[in-house]
Amino acid sequence: MTNITFFGGAGEVGRNCVLVEEGMSNLLLDAGVKLGETDEYPLISDDEVRKLHRIAISHTHLDHMGYLPFMYARGCRAQIYSTKPTHDLSQLLLADYQRINRGMKFTNNDIIKAMKMWKMVEYGEVVGDGLKFSFHKSGHILGSSMVLVQGDSRLLFSSDVNDRETKLLDPAEKNLVAENLIIESTYGAPGDEHPTLKNASKMLCDSINKTIKKGGKVIIPSFAVGRAQDILFILESYMSSGVLEHVPIFVDGMILKANRIYRQNVIYARDEIQKRILMSDDDPFKSKFFHTPHTKDRSDVIERGSAIIVSTSGMLTGGPVLRYMEKLAGDSRNLLMFVGYQAEGTLGRKLVDGQRHITIDGKEIDIKMGVEQLSFSAHADYKGLLDIVRSTKRLKRVFIIHGEEDKPRELGESIRRMGYEVIIPKNGERFRI
Ligand SMILES: [Zn+2]
């Protein structure tokens, strides 16, 4: 008999955390936080945290692993498992989270405690006893995984999943065998359809070329892990082939550190990227088009001619991107191009919604630069999610989480029509599977 309890991520996007229990064995799937105006944490009690045996981390976004230091501060002794890129990138992101964290505090020592309990496993390797589990490619970011749990019955935890190939990553693995599936629903409504990567890339190139022709600069705010590497690889490839005008691409902020970890873990990227680097000595991470700023105030970038700037933070909540905005926002030749999700309450969201002034370090700035947004989602869209459901062998029951407002319900209706039992859990609810 297997029980699952949703401690977070049900009916919301953030603080993913699901406990699987069978007999004396238990396994926690993800331990995330929900970042917002006030941070929220999973509902798991400290007592339950101390009883955990194993934790599987699907990937290195904070809404999937940001709660770990808090757990080890409270006496957690569980062994953590993930792929190597997830381990390596988590260290970087947890240290950054500690710096920017506006919620409950944790120390560097709490991060170290968690990292010491971390075991790296390969895709497909089966670990654990009682409840056994394995990691399978989920196509979302480097090292990201679905987790397949095998006890009395089988449970597939999709976590954040992308069924489409990107420049860097293989798509999510299909045809896994599980009677139960926990699936995300970020883009789970029938109207949610992403443009193809090719179309989105073409639109990006068109906008950049127009800006360059006017003599302007393009600012692309980006999250350090995942989106930044996707965008840099797109820019590199279209610049190499001559579709994109040749101008320097300045890479700034934590993206530089994340790139180094991506490069060290390139064996987890698509074969084509590995071959380019390992066999033909053509390393896209070291592209001649990429540059780093040399001055603290970024004047070497700001005072030169046309350029593309890819910098953290992705939602303009901090980071060097604000230095560029301060100096470049007032020039109508320039372009601000959003390539990622802009959360409610962030400066990025306000600009997408039409606000045309910002305050940086007490200075009021009118935005005269163009503001555009393109979708480069690392999540499957409605059709993609249904494909993942359809491809899961022997599937009977689907739990739908990780979606805002009506998304879980809308996706649920479609999955129910396909003949599966559908459950839309609430946080705190427990089910026998
Ligand atoms: Zn994610």
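**Quick look at the sheet that holds strand β10 (residues 180-184)**
Part 1 of the reasoning: Strand order in the open sheet made by the 6 strands is β7-β8-β9-β10-β19-β20, with mixed pairing throughout. Only two strands of the sheet have a single neighbouring strand rather than two, namely β7 (132-137) and β20 (421-423). Strand-to-strand twist across the sheet, computed as the mean angle between neighbouring axes with direction ignored, equals 20 degrees.
Part 2 of the reasoning: Together, β10 and β19 (397-401) form the strand contacts of helix α13 (residues 382-391), whose direction differs from that of β10 by roughly 170 degrees.
Part 3 of the reasoning: Here helix α14 (residues 407-417) sits on the sheet in contact with β10, β19 and β20, set at roughly 165 degrees to β19.

**A few points about the packing of helix α7 (residues 227-240) against helix α8 (residues 255-264)**
Part 1 of the reasoning: The geometry of α7 relative to α8 is characterised by a closest axis approach of 10 Å and an angle of 80 degrees between their N-to-C directions. The orientation of α7 with respect to α8, classified from their angle, is roughly perpendicular. Contacts from Ala-228, Gln-229 and Leu-232 of α7 reach α8 at Ile-255, Ala-258, Asn-259 and Tyr-262.
Part 2 of the reasoning: Its residues assigned to classes, the contact of α7 with α8 shows 5 nonpolar, 2 polar and no charged.

**Some thoughts on the state of the cysteines**
Working definition: the covalent bond between the sulfur atoms of two cysteines is a disulfide.
Part 1 of the reasoning: A full pass over the atoms with the stated rule returns 0 disulfides.
Part 2 of the reasoning: With no disulfide of its own, Cys-76 lies closest to Cys-17 among cysteine sulfurs, the gap being 10 Å.

**Examining unusual backbone geometry**
Part 1 of the reasoning: A cis amide bond, omega 0 degrees, links Thr-312 with the succeeding residue Ser-313.
Part 2 of the reasoning: Mapped onto the secondary structure, Ser-313 falls in the loop between β14 (308-311) and α11 (321-328).
Part 3 of the reasoning: Here Asn-175, not a glycine, exhibits a phi torsion of approximately 65 degrees, which is positive.
Part 4 of the reasoning: A positive phi angle, near 50 degrees, is found at Asp-361, a position not held by glycine.
Part 5 of the reasoning: In this structure Asp-361 comes out as exposed when scored by relative accessible area, which is 67%.

**Re the sheet that holds β14**
Part 1 of the reasoning: Pairing in this open sheet of 6 strands is parallel, and the strands run β13-β12-β14-β11-β15-β18 from one edge to the other. Each edge of the sheet is formed by a strand with only one pairing partner; in this case those strands are β13 (290-291) and β18 (370-373).
Part 2 of the reasoning: Examined bridge by bridge, strand β11 (residues 218-221) and β14 share 4 bridges and lie parallel to one another. Pairing of Val-218 across the sheet is with Ile-308, part of β14.
Part 3 of the reasoning: In the packing of α8 onto the sheet, the strands contacted are β12 (249-252) and β14, and the crossing angle to β12 comes to about 95 degrees.

**Observations concerning the packing of aromatic side chains**
Part 1 of the reasoning: A full pass over the atoms with the stated rule returns 13 aromatic pairs.
Part 2 of the reasoning: When the ring of Phe-6 is compared with that of Phe-399, the centres are 5.7 Å apart and the planes differ by 40 degrees; the resulting orientation is tilted. Residue Phe-6 is found in strand β1 (residues 2-8), and its partner Phe-399 is found in strand β19; the two are separated by 393 residues along the sequence.
Part 3 of the reasoning: By relative accessible area, which is 0% here, Phe-6 ends up buried.
Part 4 of the reasoning: Their ring planes at 80 degrees and their centres at 6.0 Å tell us that Phe-6 and Phe-431 sit as a pair that is edge-to-face. Here Phe-6, found in strand β1, pairs with Phe-431, found in strand β21 (residues 430-432); they are 425 residues apart in sequence, far enough to count as distant. The pair Phe-6 / Phe-431 is uniform in exposure class, with both members buried.
Part 5 of the reasoning: One aromatic cluster is present, formed by Tyr-41, Tyr-67, Phe-70, Tyr-97 and Phe-106 through successive ring pairs.

**Some points on the nonpolar core**
Part 1 of the reasoning: One finds Ile-55, Leu-68, Met-71, Leu-204, Ile-220, Leu-235 and Ile-308 to be the most contacted residues of the largest nonpolar core, which totals 77 residues.
Part 2 of the reasoning: By residue number, the principal contributor to this core is α7, which donates 8 residues.
Part 3 of the reasoning: Two domains each put at least three residues into this core: domain 1 (2-191 + 378-432) and domain 2 (197-373).
Part 4 of the reasoning: Among residues more than four places away in sequence, those in contact with Leu-68 are Ala-31, Ile-55, Ile-57, Ile-80, Ala-114 and Trp-118.
Part 5 of the reasoning: Val-18, Leu-131, Val-147 and Phe-431 belong to the second largest nonpolar core, which has 24 residues in total.

**Quick notes on the domain arrangement of the protein**
Part 1 of the reasoning: Under the domain assignment used here, the protein contains domain 1 (2-191 + 378-432) and domain 2 (197-373).
Part 2 of the reasoning: On a C-alpha basis, the centroid separation for the pair domain 1 and domain 2 is 29 Å.
Part 3 of the reasoning: With 22 residues of domain 1 at the contact, the number on the domain 2 side is 22 residues.
Part 4 of the reasoning: A buried area of about 2300 Å², summed over both sides, lies between domain 1 and domain 2, and 65% of it is on carbon and sulfur atoms.
Part 5 of the reasoning: Seen at the junction of domain 1 and domain 2, the total is 1 salt bridge.
Part 6 of the reasoning: Taking the shortest distance from any N to any O, the salt bridge between Arg-270 and Glu-165 comes out at 3.9 Å.
Part 7 of the reasoning: Connecting domain 1 to domain 2 are 8 residue pairs in polar contact (both at pLDDT 80 or more).
Part 8 of the reasoning: For the side of domain 1 that touches domain 2, the per-class residue count stands at 10 nonpolar, 3 polar and 9 charged.

**Section: the packing of helix α4 (residues 84-100) against α8**
If you want to describe how two helices pack, look at the angle between their axes and the distance between the axes.
Part 1 of the reasoning: In the contact formed by α4 and α8, the axes pass within 10 Å of each other and the chain directions differ by 165 degrees. If you check the angle between α4 and α8, you find them roughly antiparallel. With respect to the hand of their crossing, α4 and α8 are arranged in right-handed fashion. Between α4 and α8, the residues in contact are Asp-88, Leu-89 and Leu-92 and Lys-257, Ala-258, Ile-261 and Tyr-262, respectively.
Part 2 of the reasoning: Broken down by class, the residue content of the contact of α4 with α8 amounts to 5 nonpolar, no polar and 2 charged.

Parameters at a glance
Residues numbered from 1 in each chain as written. Predicted model: local features only at pLDDT ≥ 70, side-chain atom pairs only at ≥ 80, totals over all residues. Heavy atoms only, no water. Pairing = 2+ DSSP bridges. Helix = DSSP H or I, 4+ residues; strand = E, 2+ residues; numbered from the N terminus. Axes fitted to C-alpha atoms, helices over the stretch in contact; angles between N-to-C directions. Contact = heavy atoms within 4.5 Å. Parallel < 35°, antiparallel > 145°, perpendicular 65-115°, else oblique. Nonpolar A, V, L, I, M, F, W, Y, C, P; charged D, E, K, R; others polar. Disulfide = S-S within 2.5 Å. Buried < 20%, exposed > 50% of the residue type's maximum accessible area, 1.4 Å probe, protein only. Phe/Tyr/Trp six-rings, centres within 6.5 Å; stacked < 30°, edge-to-face > 60°. Core = buried A, V, L, I, M, F, W, Y, C linked by side-chain atoms within 4.5 Å. Domains from an automatic or database assignment. Buried area = accessible area lost by both parts, 1.4 Å probe. Salt bridge = Lys/Arg side-chain N within 4 Å of Asp/Glu carboxyl O. Polar contact = N/O pair within 3.5 Å; in protein donor to acceptor, adjacent residues only side chain to side chain. Left-handed = near helix turned anticlockwise from the far one by under 90°.

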